[in-house]
Amino acid sequence: MKLSFLKKSLLICAILITATISLFADTTYKVEKGDTLYSISRKYQITVAELRAANNLSENDVIKVGQKLKIPSADISNAAALATDNKATTSGSATLSSTRATKEYTVVKGDTMYSISKKNGMTLAEFMALNNLDSNSVIKVGQKLKIYTSASTASTGTTTKSTVPDNKSGVPEALEGPTNTGTTTTTTAPDTRTYGTTVTADKNTVWPVKNPTVTQVKGKVGGVQLSAQVNEPVVCIREGTVMYVGVYRGFGQVLFVQSKTGVIYTYTGLGSVSVKKGDYVVYNQQLGTAGTDPISGKPGITFMVFQNGQPIDPAKAPRN
């Protein structure tokens, strides 16, 4: 009897593991009637820019019924890099490549910015910066591009320096969603964040919410969890342009604000949003309200800052 129960338990575990692997495996989506890049991006809770970059599509390309699209793994650092308007800033990204050796890469059929960066051990942000590409760029077969001769260490989170004590903070790459089954069910991923230690922040440091408890978020992308009051206003700490508003897989309602110097301020886990893409927001302007943290069950937001697609210490990011 006990052996039979054990066998059944092992079988159930195997089924669950298989289902989980299938759920979060790389995904190919077959375009259906009525689909748009926007509707597909909402279904998988990623950005349109990520969809275009993963499939080498320009802003003017029209998708067709039956066309197969690659759904990239949701990675908020990639989303931030693709949301950056390089034309709006002269800060550039040259410093990322100034001390590393490069070599030439020739684009072959099927290549995308995502696939080239991934197979050569680079982050998408590094690849884009090295080749002066942006979210509207489309690469062509035979095109000569640059890649680093050695794999990036930034993609593992090991080169991100922080002045927060013992900081190995970040949010892990969100997992992939299920293969299209012909339904319109919105896919969601479990919250995979884990929290580190509570940081004793400088009392003079300005945060998007008032007097928060600041907690490290462990994983790949540097960030912090900020406690808040129920429905507390979340305010802008650095003026700039709203580059993205929407639900992003694993992070809830997300807002990207790009400063004039190209730094992306990322407010995630919002309960509500009161601005829209394209708005220019100023210091202390309300952006929305705090949501409920899925891990603690308490009000709060996760706050991240990116420069040239790389996470920087949120406590040391410029404020107005």
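Residues numbered from 1 in each chain as written. Predicted model: local features only at pLDDT ≥ 70, side-chain atom pairs only at ≥ 80, totals over all residues. Heavy atoms only, no water.

## Quick look at the overall build of the protein
No. 1: A tally of helices and strands in the protein yields six helices and 15 strands.
No. 2: A burial count over the protein gives 45% of its 320 residues as buried.
No. 3: Restricting the contact set of the protein to residue pairs at least 6 apart, pairs at least 24 apart contribute 68%.
No. 4: Carbon together with sulfur atoms contributes 55% to the accessible area of the protein, which is approximately 16200 Å² in total. (Helix = DSSP H or I, 4+ residues; strand = E, 2+ residues; numbered from the N terminus. Buried < 20%, exposed > 50% of the residue type's maximum accessible area, 1.4 Å probe, protein only. Contact = heavy atoms within 4.5 Å. Areas by Shrake-Rupley, 256 points an atom, 1.4 Å probe, with all protein chains shown as cover.)

## Some words on the environment of L57
No. 1: Relative to the elements of secondary structure, L57 occurs in the loop between helix 3 (48–55) and strand 2 (68–71).
No. 2: Judged by relative accessible area, which is 10%, L57 ranks as buried.
No. 3: As for L57 and I139, which are separated by 82 residues in sequence, their C-alpha atoms are 9.0 Å apart.
No. 4: Dropping the residues within four chain positions of it, L57 is found in contact with L37, R52, I63, Q67, L69 and V138.

## Quick look at the side chain of D111
No. 1: By the element assignment, D111 lies in the loop between strand 3 (102–106) and helix 5 (113–119).
No. 2: Polar contacts involving the side chain of D111 include one to the main-chain amide nitrogen of V108, which spans 2.9 Å.
No. 3: Excluding its chain neighbours within four sequence positions, the residues that come into contact with D111 are N56, Y105, T106, I116, K119 and I139. (Polar contact = N/O pair within 3.5 Å; in protein donor to acceptor, adjacent residues only side chain to side chain.)

## Overview of the pattern of salt bridges
No. 1: Counting across every chain of the model gives three salt bridges.
No. 2: Between E126 and R100 there is a salt bridge whose closest N-O contact spans 3.2 Å. Placement of E126 in helix 6 (residues 124–130) and of R100 in the loop between helix 4 (76–83) and strand 3 is noted, with a sequence separation of 26 residues between them.
No. 3: For R100, a relative accessible area of 23% gives the class partly exposed. (Salt bridge = Lys/Arg side-chain N within 4 Å of Asp/Glu carboxyl O.)

## Examining the packing of helix 3 against helix 4
No. 1: At a minimum axis distance of 9 Å, the contact between helix 3 and helix 4 shows a crossing angle of 90 degrees. The pairing of helix 3 with helix 4 is recorded here as roughly perpendicular in orientation. Seen from helix 3, the contacting residues are A49, E50 and A53; seen from helix 4, they are N78, A79 and L82.
No. 2: Each residue belonging to the contact of helix 3 with helix 4 can be placed in one class, and the counts come to four nonpolar, one polar and one charged. (Axes fitted to C-alpha atoms, helices over the stretch in contact; angles between N-to-C directions. Parallel < 35°, antiparallel > 145°, perpendicular 65-115°, else oblique. Nonpolar A, V, L, I, M, F, W, Y, C, P; charged D, E, K, R; others polar.)

## Here's the deal with the pairing of strand 6 (residues 214–218)
No. 1: Where burial is concerned, most of strand 6 is hidden: four out of the five residues are buried.
No. 2: Note that strand 6 and strand 7 (residues 224–227) share three bridges and pair antiparallel. Residue pairing across strands places T215 opposite Q225, the latter belonging to strand 7. (Pairing = 2+ DSSP bridges.)

## Looking at the packing of aromatic side chains
No. 1: Scanning all chains against the criterion turns up five aromatic pairs.
No. 2: Centroid distance Y29 to Y44: 5.9 Å. Interplanar angle 80 degrees. Geometry classified as edge-to-face. With Y29 in strand 1 (residues 27–30) and Y44 in helix 2 (residues 37–44), this residue pair connects regions lying 15 residues apart in the sequence.
No. 3: Y29 sits in the buried class, given a relative accessible area of 0%. (Phe/Tyr/Trp six-rings, centres within 6.5 Å; stacked < 30°, edge-to-face > 60°.)

## Brief notes about helix 3
Since there are 3.6 residues in each turn of an α-helix, residues three or four apart along the chain are aligned in direction.
No. 1: The element helix 3 is largely enclosed, with a buried count of seven among its eight residues.
No. 2: Within helix 3, the full set of buried residues consists of A49, E50, L51, R52, A53, A54 and N55.
No. 3: Contacts from the buried residues of helix 3 go to helix 2, strand 2, helix 4, helix 5 and strand 9 (240–248).
No. 4: Remark: N56 follows helix 3 within two positions and exhibits a positive phi of approximately 55 degrees.

## Focus on the environment of I312
No. 1: Structurally, I312 can be placed in strand 15 (residues 310–312).
No. 2: Along the backbone, I312 and V263 are 49 residues apart, and their C-alpha atoms lie at a distance of 9.5 Å.
No. 3: Setting aside its immediate chain neighbours within four residues, I312 contacts V263, V305, Q307 and A317.

## Section: helix 4
No. 1: Of all eight residues that make up helix 4, eight are buried, and the element is covered over most of its length.
No. 2: If you check which residues of helix 4 are buried, you get I76, S77, N78, A79, A80, A81, L82 and A83.

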